[in-house]
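# Working through the structure, step by step
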Amino acid sequence: MDLQRMMSLVRQAIDKYHMIQEGDRVALGLSGGKDSLALLCALSRIARFYPKKFELVAIYVDLGYDNADDRAMQEFCAQWEVPFYRVETQIGDILKERKEKHPCSLCAKMRKGALCSKALELSCNKIAYAHHMDDFSETMMMNLLFHGRFYAFPPVTKMEDSGLTVIRPLMFVTEPEVKGFQKRQGLPVMKNPCPVDGKTKREEIKSLLKDMNQKYPGVSRKIFSAIENGNIEDWIV
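Overview of the structure. (Residues numbered from 1 in each chain as written. Predicted model: local features only at pLDDT ≥ 70, side-chain atom pairs only at ≥ 80, totals over all residues. Heavy atoms only, no water.)

### Notes on the pattern of salt bridges
- Taken as a whole, this structure holds 17 salt bridges when the rule is applied.
- Of the charged contacts in the structure, one is a salt bridge between R86 and E88, with a shortest N-O distance of 3.1 Å.
- Overall, R86 belongs to the partly exposed group, its relative accessible area being 36%.
- Residue E88 is classed as exposed on the basis of its relative accessible area, which comes to 60%.
- Between K206 and E138 there is a salt bridge, and its shortest N-O distance comes to 3.1 Å. Of this pair, K206 sits in helix 8 (residues 201-215) while E138 is found in helix 6 (residues 133-147), placing the two residues 68 residues apart along the sequence.
- Take E138: its relative accessible area is 2%, and that puts it in the buried class.
- Connected through shared salt-bridge partners, K34, D35, D135, E138, E175, R202 and K206 make up one network. (Salt bridge = Lys/Arg side-chain N within 4 Å of Asp/Glu carboxyl O. Buried < 20%, exposed > 50% of the residue type's maximum accessible area, 1.4 Å probe, protein only. Helix = DSSP H or I, 4+ residues; strand = E, 2+ residues; numbered from the N terminus.)

Following this line, the structure appears as structure tokens:
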């Protein structure tokens, strides 16, 4: 996938779900993975000509692991003319001390808190997460199988506690498309420092959906369509 196609799909999501308003200051949650780097490329270029003027900054939450090196990511942000901010935390040490069997939920909650605090400090009113189409399907399957409910996060979420609004402009892009974009653009993907990377429940569901797609081609897209069609009246604001 080339940049123009990526920008087109991201803009479709922005327009359909009214994600961007005039004067918005958007904080992109940058993890160093392919998804957030791809979204950075698209949003930084869309901001140049989008009729509703908005600003973009990138925020990286450092979990405190010794093997995390964000220098290439900083250089990449400079190349794409997006201000880069790092938030230093001790989340890794806290998780190590807690010794939880499934630390992902607590980690996500603390990362979210650190990201929101920095976004507010920088006078941002919105946070952009790089959840792609397959993330929506995986989240729905996780909730269905593990919690007995049909739920996937919406494209736009108002966080009452902070006043920030979360947007997910990558929702119409599949993971294989992001991978293709990564290779074409040479994105400087940072190795995930998390010690449980690749061993989570989400990875199990990802593997399950991969098997389902092999047996029933296109099933992930159909799941996403079912999610969108079932929630579209609630999603459009």
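Next, the rest of the story.
### Overview of the nonpolar core
- The biggest cluster of nonpolar side chains holds 48 residues, and the ones touching the most others in it are V10, L30 and L40.
- Secondary-structure elements contributing two or more residues to this core are helix 1 (3-16), strand 1 (24-30), helix 2 (34-49), strand 2 (54-62), helix 3 (71-79), helix 6 and helix 7 (175-185).
- When residues in this core are grouped by element, the largest group, nine residues, is from helix 2.
- Membership of the second largest hydrophobic core comes to 22 residues, among which are A27, L95, C107 and C124. (Core = buried A, V, L, I, M, F, W, Y, C linked by side-chain atoms within 4.5 Å.)

### Details of helix 1
- The terminal C-alpha atoms of helix 1 lie 20 Å apart, and with 14 residues this matches the ideal 20 Å at 1.5 Å per residue to within 8%.
- If you check which residues of helix 1 are buried, you get L3, M6, M7, L9, V10, A13 and I14. When helix 1 is viewed along its axis, its buried side chains cluster within an angular range of 165° and face the same direction.
- Tucked inside the fold, the buried residues of helix 1 contact helix 2 and helix 7.
- Downstream of helix 1 by a residue or two, H18 has a phi angle that is positive, lying close to 50°. (Expected span 1.5 Å × (residues − 1). Arc of directions from axis to C-beta. Contact = heavy atoms within 4.5 Å.)

### Observations regarding the sheet that holds strand 6 (residues 165-167)
- Strand order in the open sheet formed by six strands is 3-2-1-4-6-5, and the pairing between neighbours is mixed. For this open sheet the edge positions go to strand 3 (84-88) and strand 5 (156-158), each flanked by a neighbour on one side alone. The average undirected angle you get between the axes of adjacent strands in this sheet is 25°.
- Judged from the seven bridges that link them, strand 1 and strand 2 form a sheet pairing that is parallel. Looking at the pairing, G29 lines up with I59 of strand 2.
- Against the sheet, helix 3 contacts strand 1, strand 2 and strand 3, and its axis sits at roughly 150° relative to strand 3. (Pairing = 2+ DSSP bridges. Axes fitted to C-alpha atoms, helices over the stretch in contact; angles between N-to-C directions.)

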